[in-house]
Amino acid sequence: MPEPPEAGATPCQEPEQQRIGVFLRLRPVPRPSGRVVASPEEGWVEFNVPRDASQGLINNSRESYRFPFDGLLPAEARQDEVFERVAAPVLLSALDGYNGTVFAFGQTGSGKTFTICGGTERYADRGLIPRAISALFAEAARRTDHTYVLHISYMEVYCETGFDLLEPNREVKALEDLPKLFLGDTNRVVAETPLNQASSRSHCIFTLHIEARRVGESVVRRSKLHFVDLAGSERVVKTGLSAHAQLKEAKYINLSLHFLEQVIISLQEGRAHVPYRNSMLTQVLRDSLGGNTRTVMVAAVAPEAAHIEESISTCRFAQRVAMITNRVEVNEELDLELLVRRLKQENALLRQELQLLRSGGTVVPGSDSTGGAGEASAAAGSGPEQQQALSEAEHQVLRRQVQAYVEDTAPDASLDVQASMLFIHAAFGLLKGMVRGGPAWGHQPAALSGSSSSNSGPEAAAAEVRSLRQLVQDQEQQIGVLAGVLRKQGLSPDMLQQADNHPSSSSSSPHHATTSATGHGATSALAFSEELLEDQHKAFEYFCTTSPAHDAVAEHKAVLRGKYEEARALGARVAASKQRIGELKAAVERRRLARSMAALLRQQAGGGNGGGEQVEEGELQDAEEESAKGLIEKARPLAGAAACASAEKAAHREAYGSLRGVKAEVDGVQAMLEQARVRLQRDFQAWYATMARSGGSGSSDGVPKHGMEHAAAAPAGEQQVLVAEAAPPDPFAGVEAEVLSAARPLLTGNSQADADIVKFYQARHALLRSTR
Ligand SMILES: Nc1ncnc2c1ncn2[C@@H]1O[C@H](COP(=O)(O)OP(=O)(O)OP(=O)(O)O)[C@@H](O)[C@H]1O
């Protein structure tokens, strides 16, 4: 598979032919079928299907199907590995201006959503989208010579209608909130829409729109990066749904996936017409399939015997997709607005220079002048060509301009005084006064007399006070960021430490037990006995030693502690680099002034005093000569200091970017921690109620049967309600496990719908039995 260009490298300008990359991801399943064999090293998967004897003696059906892939992600592949292999190269190219698409295809329950968005139970389960956002922040902070503008959209296509999943009244207003959205809240966002029941029967497209500019250039690179979670590919044929709405929905899913397949077949066969316009999905993905986009597909497969047929069909689809070639090129254009602004600035400067040259250094650029240079002239109310000295008002305005220039820490700050030697000399005089400082520097040019005494000691002291105040403000800001992180969680790292053994902070819960259980696999210090049920705290303590939800709580807390430490270290780095930048800037400014002064003194010594008078070499007084030399020495390390300052700025920006990223991650983990706590509470209450009702015989050994293990996809609340309330008979009793999906089917709470679901699985069971 062709590699994307190295991060940050100048992208090639020529369009490049690039095949769509296809990866296979196997979902971990309780009973993987021995008929599915995979080689992650060689990148293939093989399905062995014995001939069906019922088809008679002459039976040419194949027994073995092997499919090669660009990469095979086995069941044990971690989410970070999947991100590195599948999405990271596409993301880096997108930052360089190439469009990118990552889409997941496969049957329901095969792990598409887990791959694209991630799981909500563990921090490590974050999917490609939250990881892409974090990586994008980190990479943008690293590329200090670029500025990036990012827009996002999140669309759901359901029954050929698009829904905006990020409508303005959602909580997600800052970019930092995005990782949180996909860590803990993704399902909530989907669940809160009117399409609750439809979340897995719709296509979801999350898009990052990236705009990149290199500092100082007028070229802008715009790219789009899509993450697509397609609807389950098998629903229509297999489900046999009957309700009108469900049929309609099934028809649309079927149709849009059918049209997607048509597009892929047309591209694969090189047909002249590719039917992109047939469905909303293919229109949105037009560029990703056969257009200007680096595209990667993840074929998701659940390697269970019951799903072999679907898995083969998913792999066949992937083989077709792998034959499509896209023509990718960097999306680069001139930013005309920026260019015009820059040219106008240059033009104005050139005009000023021209007028200055033409006038022999005494003409004021009146209407041609664009900047603040006219301010001093306006203050005087007359052109300085008639003047021999600056008026008091002109001088005051000039002082303000010089002051602003000195205080402006931007490296490209400029001092736009009147293009008149009178003003230029007066400005130099002011600068000289500021550098030398103190009452000893009282000799001002005649034009400035009587107005420069305040340049001395008190002014320097005031500047010092200002810079210190700025430093304090910056530090306070950093402290504020960290304090904000802690306050938002209502916790401090110390509190976290203390709370380690308390899975909930709610006072109504029996969480005050001080168990030190670390996992449900750990040997419990407490054996189960009926007496345990008499004390809720002890019962909770016991429950924790067996509960995966408690493991999740402990894991989130450990992650949080690590993140707090990281944030604390980053905060210290940010504050230190900010302080160093302040010091370097002050040094650069002092040296810049010293250099200006040295130039002025040299100019005077060399004969050009601006007034046209010639000064003989020897006329420069010893003191001034010495002072010029001293100033030159002072100014010599200017380039070094400026380089240090910009390196320090880059380090500061990177540390600050990372701090913001960590803060966003802390928010996300906190949300997951809350979810896990709530789940633990509900699990416990359900178990406790059951045990109390049965007098401790609710389970032969008292070991809680954690429902989550069977129905990981269900919202926590729903599962608990099922367990806690009437402990109803298993509606799927008698239906073979293999007939049920890998994730046990969920009931909706709607009796009619639930009855239909149960009937469907019973019918499937009967059908499979009859065909065996
Ligand atoms: N690699 C994996 N590791 C652990 N759990 C997984 C993995 N892949 C999927 N799961 C779990 O399997 C269940 C189904 O996965 P998921 O919802 O991602 O399937 P899907 O293909 O998106 O289904 P649908 O088409 O219905 O949306 C979820 O509970 C998910 O957490």
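Values in this document were obtained by computation on a predicted structure and should not be read as measured data. (Residues numbered from 1 in each chain as written. Predicted model: local features only at pLDDT ≥ 70, side-chain atom pairs only at ≥ 80, totals over all residues.)

Moving on: the overall build of the protein. Of the regular secondary structure elements, the protein holds 20 helices and 14 strands. For the protein, buried positions account for 36% of its 772 residues. When contacts within the protein are restricted to residue pairs at least 6 apart in sequence, those whose partners lie at least 24 apart make up 73%. (Helix = DSSP H or I, 4+ residues; strand = E, 2+ residues; numbered from the N terminus. Buried ≥ 20, exposed ≤ 12 C-beta atoms within 10 Å, placed from the backbone. Contact = placed C-beta atoms within 7 Å.)

What follows covers the pairing of strand 2 (residues 21–26). Most of strand 2 is tucked away, with six of its six residues classed as buried. The alternating pattern of strand 2 places Gly21, Phe23 and Arg25 and Val22, Leu24 and Leu26 on opposite faces, both of which are buried. Bridge count for strand 2 against strand 12 (residues 294–301) is six bridges, and the pairing is parallel. What sits directly across from arginine 25, in strand 12, is alanine 300. Relative to strand 6 (residues 71–73), strand 2 is paired through three bridges, and the arrangement is parallel. Residue pairing for strand 6: leucine 24 is matched across the bridge by leucine 72. (Pairing = 2+ DSSP bridges.)

With 78 residues, the main nonpolar core has Leu24, Met297, Ala299 and Ala318 as its most contacted residues. Leaving out residues up to four positions away in the same chain, alanine 318 has contacts with Val22, Leu24, Phe67, Phe69, Met297 and Ala299. If you look at the next biggest cluster of nonpolar residues, it comprises 29 residues, including Phe543, Val553, Val666 and Met672. (Core = buried A, V, L, I, M, F, W, Y, C linked by C-beta atoms within 7 Å.)

Here we come to the sheet that holds strand 4 (residues 44–48). Spatial strand order, 3-4-5: three strands in an open sheet with antiparallel pairing. Sheet topology places strand 3 (36–39) and strand 5 (64–68) at the edges, where each strand pairs with a single neighbour. Neighbour-to-neighbour, the strand axes of this sheet turn through a mean angle of 15 degrees, independent of strand direction. In terms of strand pairing, strand 4 meets strand 5 through five bridges, oriented antiparallel. The residue of strand 5 that forms the bridge with phenylalanine 47 is tyrosine 65. (Axes fitted to C-alpha atoms, helices over the stretch in contact; angles between N-to-C directions.)

On the secondary structure map, histidine 556 appears in helix 16 (residues 548–606). Sequence separation between histidine 556 and methionine 672 is 116 residues; the distance between their C-alpha atoms is 7.3 Å. When near neighbours in sequence (up to four residues on either side) are disregarded, histidine 556 contacts Tyr123, Val669, Met672, Leu673 and Ala676.

All right, on to helix 1 (residues 79–95) then. Alanine 87 marks where helix 1 bends most, by close to 50 degrees; the proline proline 89 follows one to four residues later. Within the span of helix 1, buried status applies to Gln79, Val82, Phe83, Val86, Ala87, Pro89, Val90, Leu91, Leu92, Ser93, Ala94 and Leu95. (Bend = angle between axes of the 7 residues up to and from the residue.)

A few words on the packing of helix 11 (residues 392–407) against helix 12 (residues 421–436). Viewed as axis vectors pointing N to C, helix 11 and helix 12 meet at an angle of 55 degrees, and their least axial separation amounts to 10 Å. Regarding the angle of helix 11 to helix 12, the classification is oblique. As for the relative orientation of helix 11 and helix 12, their crossing is right-handed in sense. Two secondary-structure elements touch here, helix 11 through His395, Leu398, Arg399, Val402 and Val406 and helix 12 through Phe423, Ala426, Ala427, Leu430, Leu431 and Met434. Of the residues assigned to the contact of helix 11 with helix 12, the class counts are nine nonpolar, one polar and one charged. (Parallel < 35°, antiparallel > 145°, perpendicular 65-115°, else oblique. Left-handed = near helix turned anticlockwise from the far one by under 90°. Nonpolar A, V, L, I, M, F, W, Y, C, P; charged D, E, K, R; others polar.)

With that settled, consider the packing of helix 1 against helix 3 (residues 128–142). How two helices pack is summed up by the angle between their axes together with the distance between the axes. Put simply, helix 1 and helix 3 touch, their axes get as near as 10 Å, and they point 45 degrees apart. One element, helix 1, and the other, helix 3, form an angle in the oblique class. Here helix 1 runs over helix 3; the crossing is right-handed. Seen from helix 1, the contacting residues are Phe83, Val86, Ala87, Ala88, Leu91, Leu92 and Leu95; seen from helix 3, they are Leu128, Arg131, Ala132, Ala135, Leu136 and Glu139. Tallied by class, the residues present in the contact of helix 1 with helix 3 amount to eleven nonpolar, no polar and two charged.

Locating glutamine 283 in the fold gives a position in helix 7 (residues 280–284). When the C-alpha positions of glutamine 283 and leucine 260 are compared, they lie 9.6 Å apart, and in sequence the two are 23 residues distant. Once you skip the residues sitting within four places of it in the chain, glutamine 283 turns out to touch Tyr276 and Arg277.

For the rest of this paragraph, the subject is the pairing of strand 3. The side-chain alternation of strand 3 yields one buried face, formed by Val36 and Ala38, and one unburied face, formed by Val37 and Ser39. Pairing between strand 3 and strand 4: four bridges, direction antiparallel. The residue of strand 4 that forms the bridge with valine 36 is phenylalanine 47.

Our next topic: the environment of alanine 322. Summarising the element assignment, alanine 322 is placed in the loop between helix 8 (308–321) and strand 13 (325–328). Excluding anything up to four places from it in sequence, alanine 322 contacts Arg19, Ile20 and Val22.

The subject of this paragraph is the confidence of the model for the protein. In regions of low pLDDT, the predicted coordinates are not meant to be interpreted in detail. When the pLDDT values of the protein are averaged, the result is 70; 60% of them are 70 or greater. With pLDDT under 50 throughout, residues 438–456 is counted as low confidence; its partners more than four residues away or in other chains account for 32 contacts. Low pLDDT (under 50) marks residues 608–617, which in the prediction has eight contacts with non-local residues, meaning those over four places away or in another chain. ipTM for the predicted complex: 0.98, alongside a pTM of 0.55. (pLDDT = per-residue confidence, 0-100.)

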